[in-house]
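# An overview of the molecular structure
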Amino acid sequence: MSFPSSRRIVKLIDGRAPDRTAVEAYVYRDYPSSELEVIESRWAEAREQSAKAGLAAGLAPLEHSHWDWRNKADSVEAGRHMLVAVECAGEPQGIMAVLRMPQPSKLSEEHLVYVDYVESAPWNLKVSDGSPRFLGVGTILIAESVRLSLEMGLGGRLGLHSLPQAEAFYRRCGMTCVGQDPAYYDLSYFEFVGRQATDWLTSIGESP
Amino acid sequence: MTKTSSENLFRQAAEEEGGLPISAGARVAHVRLAIESGRTIQIDLFDVPEDKRTALIAEIKELVRRAGLRATSADVPPASEAAKDPG
């Protein structure tokens, strides 16, 4: 059994409260891999329900949502990945796997933090039945990876391969879209370069 | 920056996120599609002792590299044949 190496108090917006209050949440680094199986089974069930509700409401279904948690768990245990999770209301609301080893940037000669995997709980998405439960999960997770990059002396530089339906989110964050990557399932590759990451952190109210 | 203004900035960002998907990283479906289309291979190393996996992966990569070279040279006519073709 492993334990998180750090816990930071953050806020999420309660999307179902009448006045959309900010609620306390926690972001954990070194989240235990033993939780992945539980998360995947709980989220798979919720995904199925929200897909049905979304189809009934005429929304486009989310593709490619199923992920291989077993591979991720092995990799976390082998020390290749660090899991970062946001918890609120007693359960994980989003999870991210970051490579511990800095990777080369595709836009400069420098290195960056590579985010290998990110996902928000299905009930936090617009496709779910009704309003998203909590808002800001993606913002918190990406902000935490920028913080990691800054702490590692990588200037906030960050890279990731976005799924097509998430590209709007990463563009909104101000990341540069490098283009589709034929070496990685043709997914679009995004990077935070130069001052983009620190400017974005400032824009969301976090001091770099 | 005051606490209130930073909270407002975060609120604004969170509202803009507004339940957009944030998914990054390949899913099972991407891997399956790549295998089916012949663009990638998947090898289960579960039964291979951990200390031998790195060497085995290196050997597999080398085999794939050589096969790629062979395929490329088969696509391109030898220099002598190309020279015979006026164009």
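Computed from a predicted model, the values in this text were never measured in an experiment.

## Some remarks on the overall build of chain B
Counting secondary structure elements, chain B contains 4 helices and 0 strands. Starting at the N terminus, the α and β elements of chain B follow one another as α-α-α-α. Carbon and sulfur atoms make up 57% of the accessible area of chain B, which totals about 6,500 Å².

## Looking at empty space enclosed by the protein
Evaluated as defined, the whole model comprises 1 cavity of 30 Å³ or more. Taken as a whole, the largest cavity encloses approximately 30 Å³ of empty space. Tallied by class, the residues present in the lining of the largest cavity amount to 5 nonpolar, 3 polar and 1 charged.

## Observations regarding the layout of surface pockets
Approximately 2,400 Å³ is the volume attributed to the largest pocket. Lining the largest pocket are 44 residues, with Asn 71 and Arg 80 of chain A together with Ile 41, Gln 42 and Ile 43 of chain B positioned closest to its centre. Of the residues assigned to the lining of the largest pocket, the class counts are 22 nonpolar, 9 polar and 13 charged.

## Topic: the interface of chain B and chain A
When the parts of a complex come together, some accessible area is lost, and that lost area is often used as the size of the interface. Counting from both sides, the interface comprises 27 residues of chain B and, opposite them, 48 residues of chain A. Here chain B and chain A share an interface that buries about 3,200 Å² over both sides, 62% of which is from carbon and sulfur atoms. At the surface where chain B touches chain A, the tally comes to 2 salt bridges. Linking Arg 20 of chain A and Glu 15 of chain B is a salt bridge whose minimum nitrogen-to-oxygen distance equals 3.1 Å. Where chain B packs against chain A, one counts 13 residue pairs in polar contact (both at pLDDT 80 or more). Of all elements in the fold, only helix H1 (3–17) and helix H2 (28–36) of chain B reach the threshold of two or more residues within the side of chain B that touches chain A. A per-element tally of the side of chain B that touches chain A places H1 of chain B first, with 10 residues. Taken together, the residues of the side of chain B that touches chain A sort by class into 14 nonpolar, 6 polar and 7 charged.

## So, the packing of aromatic side chains
All names here are of chain A. The tally for this structure, following the rule as stated, stands at 7 aromatic pairs over all chains. Where Trp 43 meets Trp 123, the ring centres are 6.4 Å apart and the plane angle is 85°; that geometry is what we call edge-to-face. Taken together, the positions of Trp 43 in helix H1 (residues 35–56) and Trp 123 in the loop between strand E6 (111–120) and strand E7 (134–135) put the pair 80 residues apart, joining distant regions of the chain. Accessibility assignment for this pair places Trp 43 and Trp 123 in one class, buried. Taking 5.7 Å as the distance between ring centres and 35° as the angle between the ring planes, the aromatic pair formed by Phe 192 and Trp 200 counts as tilted. Since its relative accessible area comes to 1%, Phe 192 is described here as buried.

## Structural notes on the confidence of the model for chain B
The predicted coordinates of low-pLDDT regions are not to be read in fine detail. Of all residues in chain B, 80% have pLDDT values of 70 or greater, and the mean over the chain is 78. When pLDDT is averaged over each helix and strand of chain B, the minimum, 48, is found for helix H4 (residues 79–84) of chain B and the maximum, 89, for H1 of chain B.

Criteria and thresholds
The written sequence of each chain sets the order in which its residues are numbered from 1. Ligands are numbered from 1 and chains lettered from A, in the order in which they are written. Where totals are concerned, whole chains, interfaces and linings use all residues; where local detail is concerned, this predicted model gives features only for residues with pLDDT of at least 70, and gives and counts side-chain atom pairs only at 80 or more. Only hydrogens and water are removed before side-chain values are computed, so all heavy atoms of the structure are retained for them. In this description a helix means any DSSP run of H or I spanning at least four residues, a strand means any run of E spanning at least two, and both kinds are numbered starting from the N terminus. Exposure was quantified through the Shrake-Rupley algorithm and a 1.4 Å probe, taking into account, for residues, occlusion by the shown protein chains and nothing else. As defined here, a cavity is a set of points on a 1 Å grid over the protein atoms alone where a 1.4 Å probe fits but cannot get out. A pocket is an open set with protein on both sides within 12 Å along at least five of seven lines, and residues line them when an atom is within 4 Å of a point. Grid points are joined across faces, edges and corners, and a volume is the space filled by probe spheres set on the points. In this count, Pro and Cys sit with the nonpolar residues alongside Ala, Val, Leu, Ile, Met, Phe, Trp and Tyr, while Asp, Glu, Lys and Arg are called charged and the others, Gly among them, polar. Whether two residues are in contact is decided by their heavy atoms: any pair within 4.5 Å suffices. Defined here as a combined quantity, buried area equals the accessible surface (1.4 Å probe) lost by two parts on assembly, summed across both. Just to be clear on terms, a salt bridge is a Lys or Arg side-chain nitrogen sitting within 4 Å of an Asp or Glu carboxyl oxygen. Definition of a polar contact: a pair of N or O atoms within 3.5 Å, with one able to donate and the other able to accept a hydrogen when the atoms are protein atoms, and with sequence-neighbouring residues admitted only if both atoms are side-chain atoms. Stacked, edge-to-face and tilted labels apply to pairs of Phe, Tyr and Trp rings (six-membered ring for Trp) whose centres lie within 6.5 Å, assigned for plane angles under 30 degrees, over 60, and everything in between, in that order. Note on classification: 1.4 Å probe, protein chains only; a residue is buried when its accessible area is under 20% of the maximum for its type, exposed when over 50%, partly exposed between these limits. For every residue, the pLDDT score states the predictor's confidence, bounded by 0 at the bottom and 100 at the top.

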